[in-house]
Each structure stands twice: as C-alpha cells, then as structure tokens.
Amino acid sequence: MQNTNQINQISDSRRCGPFKLYTKSSFVDVYERLQSLRNGKVFCDIKLKTEDNNIIHAHKVVLSAACPYFNAMFKHFAERNYDLVIMRQIDSTALQLLINFIYSGQIKITERNAQVLLPAANFLLLLEVKEACCDFLLSQLCPSNCIGINSIADLHSCTKLIRSSELYIYQHFSEVFGGDEFLSLSSEQVIKLISSDKLTVPSEEKVFESVICWVKYKLGSRKCILPQLMEHVRLALTSEDYITKNVVENPLIKKHYACNHYIFKALNSLKLGELIPQGIWNKPRYGDKVILVVGGSETESIYNLEWYDPKTNQWSLGPELIRARGRNSLAVTNGNLVFVAGGHQIRKSIIKTVDVLDLSSESHYWQPSINKMLVERIFLGIGVINNNIYAVGGYNDRDNHLDSTEVFDYRTQKWCMISNMTTTRTYFGVGVLNDLLYVVGGNDHSTLTSNTAESYNPSVDMWTPLANMHVGRTNPGVGVLYGELYVVGGRKVQKCLKSVEKYTPSTGAWTTVADLNFSRANAGVVALDGLLYAVGGMRNSNSLNSMESYNPYTNTWTMVTGRMIIRRISPGVVAINRPLHF
C-alpha cells in the first residue's frame, strides 16, 4: 500500500502535467440564448410588475449576476422566496429597457428616454448605464433643457453632469433666462443664479432683465419678491444712463420703494468710483474662466496651446495648432471663438493666415479660416471691439514697419482696411477699453523706444494721440483692469523693465504703480478674477515660464507658483469662459 507522501507526489506531478485551456471566443450567442429563453418564458422564476401593471418575466440568477440591486434582493430579502415582485419606484419603459440590457449587453439611449433611464439605472445600481445616460445628456445640453438636466443630475448625484450643466447655465444665461425652465424656478433658485460670480453675461443689464422677466411671468405671487432679487443685481456695473432710463422708469420698480436703496447705492458707486469700497453691488462677475496661451517659445514658434486654471493653480496642454506660430496675436469673439492671426512659421516667411478654435464645439480642433488678413504682419497687435477684430501695425518683408490697420467684420466675415495710425509701430502693446483701441510704445518712425500712445475710435474711424507714458517701452504687455489700461514691463534699448504704469481715461493721465517682481519684456498680460496676470516673456536673454499677478487694491505683484509647461516669448494670452471639455 502506497504511503501518503507517495500519493501526494503522484497527485502533484499530475497537476503539473500538460493541459489545454479552451476559452469560448464570444458570449454573444449566450446572450441571445438567454434572451430567447426569457422571451419564451422558459425557466423564468421571477415576474417584475410595475405600477401600470406591466409584467416583465426574467430569471433570478441572471438578474442577480448582472445587477447589484437584484443580487441583494434575491440573496438577503424576502423577495428571494417570491415569484412576483412589485417595482414601485421605477418607470415601466425604463425597466423594460434595463432588463433587456441585462440580457443583451446593449441599450439605446435617446432624447426621449434618457431622463427616465437615468433615475432607473441609478435605482438599480447599473452604474455603467447611469454614466452613459449622463454622457448623452451632457451632449444634448442647450438653453431650453439645461436647467432640467441640472435638476435631474443633482437629484441622482451625477457629479460630472451637475458641474457641466451648471457651468452651461452660467455661460449661456443670456439665452436661458427667457425659457420655460428658468421662468418655473423658485425664488431661491433664481437668487442662487443671479448672485453667483460665475454668471457670464455681456452686461449686468441682462441680469436686471432676467429679474423683471421672471417676476412678470407670475406677477401676482412674485411682485413682492422683487426687492430681494434686486439686492443681487449689480447695478453699479451698468451705467448711470441705463439706470435712470431703464431701472428707475421701470413700472415694477416704481411700485417698490425698497428698490430705491439699491438704485441709490449704484448711482453713488458710479459717481465716486474707487472711493467706494467693493461690495456685492459693484463687484464684477468673473464667470468660470481660465487663461489661454498660444504660440511663442524659446524658438519663437510653437504648436502647443496651454491653459491655466486659477482654482487648481495648474497648467494643462490643449488642442495643438495647425501650424507652429511665433510673434502672433490672439483674440476671442462671441465668447467662444479663439482667433490666432499673423506671425511667422519656422523657416517660413511672415504670414497673414488666421486659424480658429471653436471652444463650444465637441471636435476641439483648430480650423484654418478662409478669411486671411489683407496684409502679412509679424509683431502685430490685436484687439476686439463688439466682436470685430482689429489687426494693427507690425512688420513685414514688403512694407517693413507698418502704420496700417485692418478690421475683420464679424457680421460680414470680411477684412477691410481702416484709417492708419498716426505713426508706424512695431514691438508695441494693444488694449481695448470703453470700446476704444489703444496702442502704446514700440518702435516708431522717429525713435527706437517710443513713449507715445494713441487710441482708435471705430465709430468715427479716427486715431487720436494721447499723453505720453512716463517711460519709453518696446515689447510691453498691456492689460485692462477696472476701467484702466496697464502697460507692463517691456524693454528700453537693451534693458528689460520691471516698471508698470496705468492710464486713466477720465483724467487722461499716466500713473506709476508697483514694479514687477522680475523684469519682463514680451510678456502676455490678461485680467482675470480682479487680478492682472503677466505671463512668460523674456528677462534679459532668458525666456520665462513664470507668471505673476497684480492686485490693484494692495498695489502689489505676487508670484504665481504654477508654471507654464513651455517657456514662451511673446505669447498670445486671453481669458476665456471655461469650455465644458476643459
């Protein structure tokens, strides 16, 4: 008789011997067979009955294997002994679709069924279907349904859809507030919306109009709430003319004495300006914005776009350009169309091409515009007024230093020449303030480092010289913050500058403010969330990937710890509403 050790050795040797593992190549036929059995009510041991008396036959073992909800039900609860279960909290159509999904692995999500499938999938803990419904609803967001989708997402804890739909509402508020969903909101929901700094509107006038529109929809019950709503309308961000003509004279406002308090505060704030401390009535709305940077590098030409999120203090790469560009300019129109114009390409001549990125599109790709500028330009300046793009000055191989200006009419989609600047300019800065285009510094026809400035008024097609800056500058950064034009750093002859000055249109004077932490030339400058950012540029002969921000209330510059991924000289920089895919 063999001893135990010998038996174990034989057993082990057999286990280690050759074997073949066969794996079925597809489970599609299994799915089909199970579905066929269910349709024929063969071996079915459970009936699911909905409140409209619709009955769905199924197999407990299949439901348990595929669905956590049914797995728990048939393992741990009394229903394991039943052959009929009443499904009271689920739509019958949705339940039928989900049972079919369990048996087939497929489900068709449409505009008609998505909003009933989502709660049903959430109830049954079919998380992959829930996520698919969220993705579908996200793709269907529009001004007429975004509030409803946000409510569904909030009810069923769909975090991504909550955030995306909320962002959509904020960014499209001007289109949303006249719709049925907005008009059906409670007063608490309206207050939450109009009190948010994230609200993106072309002017605060839209917020006032939304309040009047909502109140008038159910005037009898809502007119008493008007003063509570007016508390959150930032009238000081409109104009004295608008307030006196449209707010004071509004019939609903006239009937509410309590609203006069907010009108008086706004008018007082407009008259006294900076002497009034910032409060809810005069605090600008920032929306949910990020900084977009395009072009410019150590080689002065780059494909990569990157963007900065002030909430996370991080930079991320975005869609690559069609062609690498250096010394280009950047503009945003209509809130979501980014234009990169002019500049030069590696080993190629100066260009007049324009490329466009539609931030609202799901494709997220740059597209070449068929509308090229009329003149090739490098070191040009760009500004946007009423969605029209102005391309100013610069340099090209044919005409050398330029004083010419052209405009892209957003309505006609064509470029046309307009009045020339009073002098040629290259390496200058451009800003837009109060619907005027400002150009400052640079090289002109008479000096290598100019301290001159001028402004263009599109309504009369005329350039007007302004007071001279305190310091002559080439390659300065220019930004607009709280109604003043800031000129940041730059170069004087071969020296990079730390100095900063601002122009106040009401006085026509330049004022020196706090110096940068580092001298910078060729920096991109942009305003975001009440701060002015200086991005990249050059310090002596070194390109920079650092950024610093200026606070006008403390008159200080602070280094931002988040650094760009790529060092950039003369980057195109703009602040944009955060796209849904960012």
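Look above for the structure.
Since the model is a prediction, treat every value here as computed from it, not as a measurement. (Residues numbered from 1 in each chain as written. Predicted model: local features only at pLDDT ≥ 70, side-chain atom pairs only at ≥ 80, totals over all residues. Heavy atoms only, no water.)

Caption draft 1: Expanded view of the overall build of the protein. Counting its secondary structure elements, the protein contains 18 helices and 31 strands. A compact globule built from 582 residues would reach a C-alpha radius of gyration of about 25 Å, whereas the protein, at 32 Å, exceeds it by more than 25%. Taken along its principal axes, the extent of the C-alpha atoms in the protein is 110 × 75 × 45 Å. Counting every position in the protein, which comprises 582 residues, the buried fraction comes to 50%. Taking as baseline every contact in the protein between residues at least 6 positions apart, the subset at least 24 positions apart corresponds to 54%. For the protein, the computed accessible surface area is about 28300 Å², with 51% contributed by carbon and sulfur atoms. One finds the centroid of the 59 positive side-chain charges in the protein at a distance of 4 Å from the centroid of its 52 negative side-chain charges. (Helix = DSSP H or I, 4+ residues; strand = E, 2+ residues; numbered from the N terminus. Rg over C-alpha atoms; globule rule 2.2 N^0.38 Å. Buried < 20%, exposed > 50% of the residue type's maximum accessible area, 1.4 Å probe, protein only. Contact = heavy atoms within 4.5 Å. Areas by Shrake-Rupley, 256 points an atom, 1.4 Å probe, with all protein chains shown as cover. Lys, Arg positive; Asp, Glu negative; His and termini not counted. Charge placed at Lys NZ, Arg CZ, Asp CG, Glu CD.)

Caption draft 2: Representation of the environment of His-256. Along the chain, the position of His-256 falls in the loop between helix 17 (251-254) and helix 18 (260-272). Residues His-256 and Lys-223, 33 residues apart in the sequence, show an inter-C-alpha distance of 9.0 Å. Filtering out sequence-adjacent residues up to four positions away, His-256 remains in contact with Lys-223, Cys-224, Leu-226 and Pro-227. Here the side chain of His-256 touches Lys-223 through a polar contact of 2.8 Å, landing on its backbone oxygen. (Polar contact = N/O pair within 3.5 Å; in protein donor to acceptor, adjacent residues only side chain to side chain.)

Caption draft 3: Structural context of the pairing of strand 7 (residues 329-333). The element strand 7 is largely enclosed, with a buried count of four among its five residues. Where strand 7 and strand 8 (residues 337-341) come together, five bridges link them in antiparallel fashion. Looking across to strand 8, one finds that Ala-331 is bridged to Phe-339. Adjacent in sequence and paired antiparallel, strand 7 and strand 8 are bridged by three residues, among which Asn-334 carries a positive phi angle near 60°. (Pairing = 2+ DSSP bridges.)

In short, the description is geometric, and any link to function would need to be established separately.
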